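Residue-level listing of the chains:
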Amino acid sequence: MSLAIGVDIGGTKIAAGLVSEEGALVEFASHETPVGAPHDIAPLVAELVERLRGDHKILGVGIGAAGFIDAARQNVMFAPNIDWVDEPLAAQVRDRVGLPVIVENDANAAAWGEFRCGAGEDTNDLLLVTVGTGIGGGIVHDGKLFRGGFGVAGEIGHLRVVREGILCGCGQRGSWEQYGSGTALVREARDRVAAADPEAVALAALVAGDTDLITGPMVSGLAQQGDSLALGLLTDVGHWLGEGIAVLCTVLDPSVIVIGGGVAAAGDLLLKPIQESFEQFLSAYDHRPVAEIRLAALGNQAGLIGAADLARNAPGAVPNES
């Protein structure tokens, strides 16, 4: 069995898996992400790799991390949420485990996972849109992961959709993820509760009026129960997503669009407004083949499955003899 190890470095958890060539998760391990200690992450990743490695022959290690990854898939050029700048992450892990190691943007890795083993198995051109705290993206074109000239393609959440709009963590105003993400969903919900909106009674009761306690899953849960405020907020997010996806399709023309990330757990409550808005804003909708929009199939495991597969097929990937 051709095994590789995939690692997904998240803001709260580092997940790692021993993955077969078919994308099956053979073993799994995880650890909380060290808070405020970015230089402790590489040793922790190495520890998880060794825990999974055991007596198995491993072809390589793939690491998915949020941020800009260089073209060689070795260094994290910039990762604001972890405070990494020009971090030689691949070398730091490789020196500890003695295996080939690559690093890839986490959304790119998830896109590759869905393409190889999930919702995009039947296509050669795929756009993944991950909807969580922000909006991430990954592009597969003609059966290959599209990374751009410098390795940082796919940062779709930072498309500017509103001139002089809401300030984004990237430094510009009006980024797409400020309107079509979990952050947008929670921000609007908190504003409605704080304004004592009559429609927000159920949500206000859930948190006893403390807006800081409102979360995305809480809003999605109320929407699934038919709460009018929550349904409206989720619909607004879906409409923003559909409009942005229509713009991306004008440029990329994928055959399949996969929606993943935490907010996608709302299912059809999110997918329906995305589809409606997408059809409304896609140019020449009635005169062109139209991409199919699907929910992701691999859930939270897409990133580590994709990272493992990329490592398995990277130059220099060879089984260890331990």
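I will try to describe carefully the structure that is included in this document.

The rules behind the values
- Each chain carries its own residue numbering, running from 1 in the written order of its sequence.
- In keeping with the predicted nature of the model, local features appear solely for residues at pLDDT of at least 70, side-chain atom pairs appear and are counted solely at 80 or more, and the whole-chain, interface and lining totals rest on all residues.
- Hydrogens and water molecules were not included; the side-chain quantities draw on all heavy atoms of the structure.
- Buried residues are those whose accessible area, probed at 1.4 Å on protein chains only, stays under 20% of the maximum for their type, while exposed residues exceed 50% and partly exposed ones sit between those limits.
- The way it works is that DSSP assigns letters per residue, a run of H or I at least four long becomes a helix, a run of E at least two long becomes a strand, and they are numbered from the N terminus.
- Arc, as used here, means the arc of the directions from the helix axis to the C-beta atoms.
- Throughout, a residue-residue contact means that at least one pair of heavy atoms, one from each residue, lies within 4.5 Å.
- Only buried Ala, Val, Leu, Ile, Met, Phe, Trp, Tyr and Cys residues count toward a nonpolar core, and they belong to the same one when joined by side-chain atoms within 4.5 Å.
- Only strands joined by at least two bridges in the DSSP assignment are considered to pair.
- Between N-to-C directions, angles span 0 to 180 degrees; the directions come from axes that are lines fitted to C-alpha atoms, helices contributing only their stretch in contact.
- Any two rings among Phe, Tyr and Trp, with Trp reduced to its six-membered ring, count as a pair given centres within 6.5 Å; such a pair is stacked if its planes are under 30 degrees apart, edge-to-face if over 60, and tilted if neither.

This part is about helix H2 (residues 89-97). Taken together, the buried positions of H2 are Leu89, Ala90, Val93 and Val97. All buried residues of H2 fall inside an arc of 95 degrees around its axis, so they share one side. Where the residues of H2 are buried, they touch strand E1 (3-9), helix H1 (41-53), strand E4 (58-65), strand E6 (76-79), strand E7 (84-87) and strand E8 (101-105). Positive phi shows up at Gly98, right after H2, with a value of about 70 degrees.

Within the largest apolar cluster, 39 residues are counted, with the highest numbers of intra-cluster contacts made by Val129, Leu241, Ile245, Ile257 and Ile259. Those elements that provide at least two residues to this core are strand E9 (126-131), strand E10 (135-141), helix H4 (182-194), helix H6 (216-224), helix H7 (228-252), strand E12 (256-260) and helix H8 (268-281). Per-element accounting of this core gives the leading share, 10 residues, to H7. Among residues more than four places away in sequence, those in contact with Val129 are Ile135, Gly136, Ile156, Trp176, Leu241, Ile245, Ile257, Val258, Ile259 and Gly260. Formed by 32 residues, the second largest nonpolar core is a distinct cluster that contains Leu3, Ile14, Leu44 and Leu89.

Attention shifts here to the sheet that holds E10. If you walk across this open sheet you meet the 5 strands as E11-E10-E9-E12-E13, and the pairing is mixed. The open sheet terminates on both sides in strands that have one partner only, identified here as strand E11 (144-145) and strand E13 (292-295). Docked against the sheet, H8 engages E12 and E13, running at close to 165 degrees with respect to E13.

Let us look at the packing of aromatic side chains. What the rule picks out here adds up to 3 aromatic pairs. Arranged with centres 6.2 Å apart and planes meeting at 65 degrees, the rings of Phe68 and Phe78 form a pair that is edge-to-face. Of this pair, Phe68 sits in strand E5 (residues 68-69) while Phe78 is found in strand E6, placing the two residues 10 residues apart along the sequence.

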